[in-house]
Each structure stands twice: as C-alpha cells, then as structure tokens.
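# Summary of the model geometry
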Amino acid sequence: MATNSASLLGKIKKSLKNFGPAFFIIGYVVGTGSVTSMVVSGANYGLSLSWALLLSCFFTYFLLVAISKLTIVSGETLMYNFKKAFGKPVTIFIITALLVSIVSSCIGVMGVVAEVTMEWITVKTSISFLNGPIVSIFFIAILIGLFWTGKHENFIKAMSIMVGFMAFAFIITSIMVVKEGGTSLIDFFPELPTGDNTGLVIAGIVGTTMAGVCLASRSILVQEQGWGLKDLKTENKDAMSSMVMTFLISLAIMISATGTLYFQGAQVDDATDMMHALGPWAGDFALTLFTLGIIGAGLSSIFPNLLLFPWLISDYSGTERNMKKPLYKGIVVLVALSGLIVPFLGGKPVWILIASQALSPFIMPLITLFLLILLNRTSIMKSHKINIGMNIALGATFIFNCYMLYVALTGFMNFV
C-alpha cells in the first residue's frame, strides 16, 4: 500500500514538474494587472470586451507553442535566436521595449497594492500612522530581501495560495451573479459607449494576456525545463492548459465585475472601487479577501518582473543566468524601487496599470513576424519547420497583433 502511495505521489510530482511553465504563465498573467483590467472592463462595459480576452488567449496559445518549438529545436533562447538572425540593434530595441513594460508594470502594480492595502487598514483597523509610501516601502523591502537572500520560493508559494483563494472567490461570485442576477444573458453584453477609454482597456486586456515579457520568458523556462523533441506534445498540452485556465479565471473576474458593479452603475476609477466586485459571495469578508488576493497577486507578479530583465540580458548574451552578479543585483534593486513612484508622487494607479499593460501590443507584431520567419528557416528548424496550419495560425496572430497595435495607439491618443 505504501509503495502504491509513493508511486502515485511520484506521478503527481512528475506531472506538476512537466507543467511548471504553465503555472508560471498562469501565475504571471492572472495577477494584479489582469484583475484590474478585467474588473474595469466588466464594471464599465459588461462582457462587451470579452472577445478581446478570448482572441488574446487563443492567439497566445500559438505563440507559446511557436516559441517553445523554436527553443527546443534550435537549443537557443528567443532573444539569442533574434540576435543571431536579425542582428543586435533590433534585438536590443525589443529588449528595451520589454524593459519599459517591466518597469511600468511594477509602477502600476505597486500603486494598486498600496492603495488597496491602505483602504483595508483604514476600514478594518484604527492604525493612523501608516500611509501609501510606508506600505510600499515595506513590500518592496520584503521583495528585495527575498531576492538578496535567495529564500523566495516558499514566499511565492504563499502568495500563489492567496491569489488562488481570490480566483476561487471570483469563480463562485461569477456563478452567483449569473444564476441569481435576474437579468438575461443579453444584458451582460451592452452596447459600447463612444469617445472614452475603451481602446485603452481593450489593449490592456490583450496586453495582460499576451504579455511580451511573459512570452519572452517562456523560451527561458522551456530551456530550463530541459525539454527536447520528445516533449513537444507535453509542451503543447502545457500551453493549452495555461491559456484555458487563464481564460476561465479572467472571464470569471469580468463576469463578477459585471454582476456586482456594472448593473449597479458603479464605474471603476480607483483601486478601492474594485473591492466591491466580490461582495455577493464574500459579504463583509470581501474587503479582506480582495486585499489579500491583490497583495498576493501583486507581489507574486512583481518578483518575476524583478528577475526578467537580467534574464533577458543573459538570454541575449547566451550566458549563464547567475543572479548573484553585482550588475544583476543592481538592476533588480532599481526596478524594485520604481514601484515607489505612484505612492510618493501620486496618480491613478488603476489607469497607470492598464496603460502599462497596453504597451505590450506595441512590440508583439515584431516578435510574431520574427517567429514566423525563424520557424520557416531550414538552417534553424531543419526537418521540423512548421506546417501550413501553423503558418496560417501565426499569420492570423500577426494580423491580430497589428490591429491591436492600432487599437493601443488610438487608446493612448484618446487617453492623453
């Protein structure tokens, strides 16, 4: 009996290890940026923008498969392949664009985390000496300390559990608002208003799902996983599971916000406005549950962001990802400190975060085009060049990304 239990446990551990990159994708994508974009979308537009979520998850699947196959067949990571094939200047441009996305995301995420935390402290406690800057300094000090000591794995697991509870709460809430809302399904899809920030929100939804930084890191994770040609089917399943889960959780958040905020006419402009999205299920505990979830989602998404720029540098140079290098430590600290900008200088963190997510579509057409070219090169892919079906899928992804670039540009122009 003990042998059978050990065998079952071993199979479970192996399965979890095989799907490690999927968990990274889900954990990174379903973070504070995703929650913010989906809540704002649901509260302001109902489910009318759910098409953007569906298409971004659909096309991201093909990008994950393409990046993974390129890495497995070539044996090299994405940025290194780009540098060899297209030269240093354009690759440095892509890395710089991804750095802007990383930093802007940290700025927006910490702004939302600090604002939500302060609202909870104000409502639930009598503490009066704390403020946004102090709270943000505390969280950033924790992240830097964990990176410096290398003891972050258990912390990230704890944060992931908190995010999991929030995601579960959103799923339950979405079921409740649909079942008990007393409205028809058509009411969940209202007509979109004109002349507001719709374009920016659409770009934010796509940017948080089809995150350029997350896609670039996919190549690194596949290489670290040690996957070979025999693991292509495993990689496909991994990509599929990550996108299906991302879509379901994100849609649940959007439905919850529609049922609890949109039908009440309560639009979201500040981070504290989002706290009511869990009201029907969690009741008085909604504020605490949402706060814990946002803190967990924020810190568990900021921490990978701190590592991603050094990873990209190593990816580009083809060197070992040694995070103990003084240069990498300095970069991590600087990126972490960028999270103090909103708490100290002010601003609307919700829209800053959505705008940071909306930056991703600016770089995605170029990444998709480069992938399409490399995956059809015999010198790189040998007998493993992609078939007609995958070419059509990536071609459609390229067209979608070009359209999203237009939407993002229009959204930023209207926002400014």
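Every value quoted in this text rests on a predicted model; they were computed, and no experiment measured them. (Residues numbered from 1 in each chain as written. Predicted model: local features only at pLDDT ≥ 70, side-chain atom pairs only at ≥ 80, totals over all residues. Heavy atoms only, no water.)

### Quick look at the overall build of the protein chain
- The helix and strand tally for the protein chain stands at 19 helices and zero strands.
- Burial status across the protein chain gives 54% buried among its 416 residues.
- Long-range pairs, those at least 24 residues apart, make up 84% of the contacts in the protein chain with a sequence separation of at least 6.
- Summing over all exposed atoms, the protein chain offers an accessible surface of approximately 17,800 Å²; the carbon and sulfur share of this is 67%. (Helix = DSSP H or I, 4+ residues; strand = E, 2+ residues; numbered from the N terminus. Buried < 20%, exposed > 50% of the residue type's maximum accessible area, 1.4 Å probe, protein only. Contact = heavy atoms within 4.5 Å. Areas by Shrake-Rupley, 256 points an atom, 1.4 Å probe, with all protein chains shown as cover.)

### Considerations on the packing of aromatic side chains
- Enumeration according to the criterion identifies 14 aromatic pairs in this entry.
- Between Phe147 and Trp148, the ring centres sit 6.3 Å apart and the planes meet at 75°, which makes this aromatic pair edge-to-face.
- We classify Phe147 as buried; its relative accessible area is 10%.
- Ring pairing ties together the aromatic residues Phe58, Phe59, Tyr61, Phe62 and Phe400, which thus form one cluster.
- For Lys329, the ring lying beneath its charged end belongs to Trp148, and the centroid distance is 4.7 Å. (Phe/Tyr/Trp six-rings, centres within 6.5 Å; stacked < 30°, edge-to-face > 60°. Lys NZ or Arg CZ within 6 Å of the ring centre and 35° of its normal.)

### Details of the side chain of Ser219
- With respect to the helices and strands, Ser219 occurs in helix H10 (residues 212–225).
- Here Thr71 takes part through its side chain, which lies 2.8 Å from a polar atom of the side chain of Ser219.
- With residues near it in sequence (within four places) discarded, Ser219 still touches Ile67, Thr71, Glu76, Thr77 and Leu78. (Polar contact = N/O pair within 3.5 Å; in protein donor to acceptor, adjacent residues only side chain to side chain.)

### Things to note about unusual backbone geometry
- Of note, the phi angle at Lys382 is positive, near 55°, even though the residue is not glycine.
- Along the chain, Lys382 falls in the loop between helix H18 (378–381) and helix H19 (388–415).
- For Lys382, a relative accessible area of 55% gives the class exposed.

### With respect to helix H7 (residues 132–149)
- Here H7 is 18 residues long and its end C-alpha atoms lie 26 Å apart, about the 26 Å a rise of 1.5 Å per residue gives.
- Buried within H7 are the following residues: Gly132, Val135, Ser136, Phe139, Ile140, Leu143, Ile144, Leu146 and Phe147. Buried residues of H7, seen end-on, are gathered within an arc of 165° and therefore sit on one face of the element. Relative to its buried face, H7 has exposed residues pointing more than 90 degrees away, namely Phe138 and Thr149.
- Backbone nitrogen of Ile134 and a side-chain oxygen of the N-cap are separated by 3.0 Å at the start of H7; the cap is Asn131.
- Among the residues trailing H7, Gly150 stands out with phi positive, at a value near 80°. (Expected span 1.5 Å × (residues − 1). Arc of directions from axis to C-beta.)

### Quick word on a nonpolar patch on the surface
- Where nonpolar side chains cluster on the molecular surface, the patch consists of Trp51, Leu55, Tyr403 and Tyr406 and spans about 410 Å² of accessible area.
- Inspection of the secondary structure assignment puts Tyr403 in helix H19. (Patch = residues over 30% accessible without salt bridge, like charges linked within 9 Å, V, L, I, M, F, W, Y side chains within 5 Å. Salt bridge = Lys/Arg side-chain N within 4 Å of Asp/Glu carboxyl O.)

### Concerning the environment of Gly395
- With respect to the helices and strands, the residue Gly395 is situated in helix H19.
- Judged by relative accessible area, which is 21%, Gly395 ranks as partly exposed.
- The sequence separation of Gly395 and Leu369 amounts to 26 residues, and the corresponding C-alpha distance is 8.2 Å.

### Looking at the nonpolar core
- Formed by 121 residues in total, the largest nonpolar core has its most connected members in Val39, Met79, Phe290 and Leu394.
- In terms of residues, this core owes the most to one element, helix H13 (residues 286–317), which gives 15 residues.
- Look past the residues within four positions of Met79 in its chain and what remains in contact with it is Thr91, Ile94, Ile95, Leu98, Ala216, Leu312, Asp315 and Tyr316. (Core = buried A, V, L, I, M, F, W, Y, C linked by side-chain atoms within 4.5 Å.)

### So, the pattern of salt bridges
- This structure, assessed with the given rule, holds four salt bridges.
- Between Arg218 and Asp238 there is a salt bridge, with the nearest N and O atoms lying 2.6 Å from each other. In this pair, Arg218 is assigned in helix H10 and Asp238 in helix H11 (residues 232–260), connecting sequence segments 20 residues apart. Here Arg218 matches Asp238 in class, with each residue buried.
- Asp231 serves as the salt-bridge partner of Lys230, at 3.6 Å between the closest nitrogen and oxygen.
- The network of salt bridges with common partners includes Arg218, Glu235 and Asp238.

### Some points on helix H9 (residues 198–209)
- Along its twelve residues, H9 runs 17 Å from first to last C-alpha, staying within 8% of the 16 Å computed at 1.5 Å per residue.
- Burial analysis of H9 places twelve of its twelve residues in the buried class, which makes it a mostly covered element.
- Buried residues of H9: Thr198, Gly199, Leu200, Val201, Ile202, Ala203, Gly204, Ile205, Val206, Gly207, Thr208 and Thr209, and no others.

### Observations concerning the side chain of Ser301
- Along the chain, Ser301 falls in helix H13.
- A polar side-chain atom of Ser301 sits 3.0 Å from the main-chain carbonyl oxygen of Gly298.

### Thoughts on the packing of helix H17 (residues 364–374) against H19
- Two numbers describe how H17 lies on H19: the axes approach to 8 Å, and their chain directions differ by 165°. One finds that H17 runs roughly antiparallel with respect to H19. Along this stretch, H17 crosses H19, giving a crossing that reads as left-handed. Contacts from Met364, Pro365, Thr368, Leu369 and Leu372 in H17 reach Asn391, Leu394, Gly395, Thr397, Phe398, Asn401, Cys402 and Leu405 in H19.
- Along the lines of polarity and charge, the residues of the contact of H17 with H19 split into eight nonpolar, five polar and no charged. (Axes fitted to C-alpha atoms, helices over the stretch in contact; angles between N-to-C directions. Parallel < 35°, antiparallel > 145°, perpendicular 65-115°, else oblique. Left-handed = near helix turned anticlockwise from the far one by under 90°. Nonpolar A, V, L, I, M, F, W, Y, C, P; charged D, E, K, R; others polar.)

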